[in-house]
Amino acid sequence: MTWLVADTIWWGGRSHAGAALRLGPGPRAVVPVADIPAGAVPRRLPGAVLPGLCDAHVHSALVDLTTVRDGGIAYVWDLGGVPEKVAALAARGAPGVRYAGPFMIAPGGYPSDRSWAPAGCCREVRSADDAAAAVGEARAAGATLIKVTAHAGGPMLPPATLAALVRAARAGGLPVVAHAEGPGTVAAAYEAGVELLAHTPWTEELDDALVRAVAARMTWISTLDIHGWGRPTPEQDTAIGNLRRFLEHGGTVRYGTDLGNGPLPPGVNPRELGALLRAGMDPAGILAAMTEPDLAEPTWLPSGLDLDPATFAESLARARVVTA
């Protein structure tokens, strides 16, 4: 059993002073310092300790995960890659990796036509009857998510095939994440029963009735900074507008950056955090969207946790993973 003591511990959505974080077998827990067993030698850190930070959209074939961990991210979701290669990275455990295996695509569909997509990262699903086999292959390779694509710029999975993929994934206990890009694709993902979108929709302003419907059942992964990488763009404005309404209707958001897609900083991305603030999230809500209390190694902020919206993003960019 390991005990961490810091000036403050942010856990369960609030700040605890005079407390210790218990690490070890079983769920992590915050307890009063006085409850540390006699003889235990706690590890003391200045500043704040909080749950481990997670980036829920990366492509590990396109980034160096070591630099991601050095930048304060303890856990990532790989949303599309060569299964064997991602499994090997996950086995190394630095940072922790949850992965989807290959993109499930229509024959010739996105992203098989993109130069950045490595050979073996896509699985063509040729019919509804082929869906169960495709999901089974990914699960056998260690996937705990399934990634499907709905890209209006090329061949798309027919509704029956997309729905069959969702049913097969659900039967195996695997959530489905959809890349939905272009008119009609968010509705197609929703109607098929998809649980998560890999990106906040950005190609057009969504109908409010659709936003209300998806907010009741879907989680969106943010990825706002890919639209301009720090420069204002109409696409980011559209995404932030859609996300604001999604949040107003009670939708759930996860922090994710699509790391590997252009000049994004490895580790915590303060520009992504700033865009989430502009969409109407507060710092506490953002922390809830980007932390994994029981899966990731804890986060350490040597200068303490700053919840002032004006300075929150830059302060969190100084995050470090608590090493053993």
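A brief look at the structure comes next. Small disclaimer: the values here were computed from a predicted structure and weren't measured.

### Focus on the sheet that holds strand E15 (residues 252-254)
What the seven strands build is an open sheet, ordered E10-E9-E11-E12-E13-E14-E15; its pairing is parallel. The sheet is open, and its two borders are formed by strand E10 (122-124) and E15, each paired with just one other strand. Where strand E13 (residues 196-197) lies against strand E14 (residues 219-221), two bridges are found, and the strand directions are parallel. Looking at the pairing, Leu 196 lines up with Thr 219 of E14. Of the strands in this sheet, strand E11 (146-151), strand E12 (176-181) and E13 are in contact with helix H5 (residues 185-192), which crosses E12 at around 160 degrees.

### Observations regarding the layout of surface pockets
Unoccupied space between atoms shows up once a probe the size of one water molecule is rolled over them. Roughly 290 Å³ of volume is contained in the largest pocket. Along its surface, the largest pocket is lined by 19 residues, and Tyr 110, His 179, His 199, Asp 258 and Asn 261 are the ones closest to its centre. Breaking the lining of the largest pocket down by element, the ones donating at least two residues are E11 and E12. Classifying every residue of the lining of the largest pocket by side-chain character gives seven nonpolar, eight polar and four charged.

Rules of the game
Residues numbered from 1 in each chain as written. Predicted model: local features only at pLDDT ≥ 70, side-chain atom pairs only at ≥ 80, totals over all residues. Heavy atoms only, no water. Pairing = 2+ DSSP bridges. Helix = DSSP H or I, 4+ residues; strand = E, 2+ residues; numbered from the N terminus. Contact = heavy atoms within 4.5 Å. Axes fitted to C-alpha atoms, helices over the stretch in contact; angles between N-to-C directions. 1 Å grid on protein atoms, 1.4 Å probe; cavity = no way out; pocket = protein on both sides within 12 Å on 5 of 7 lines; lining within 4 Å. Points joined across faces, edges and corners; volume = space filled by probe spheres on them. Nonpolar A, V, L, I, M, F, W, Y, C, P; charged D, E, K, R; others polar.

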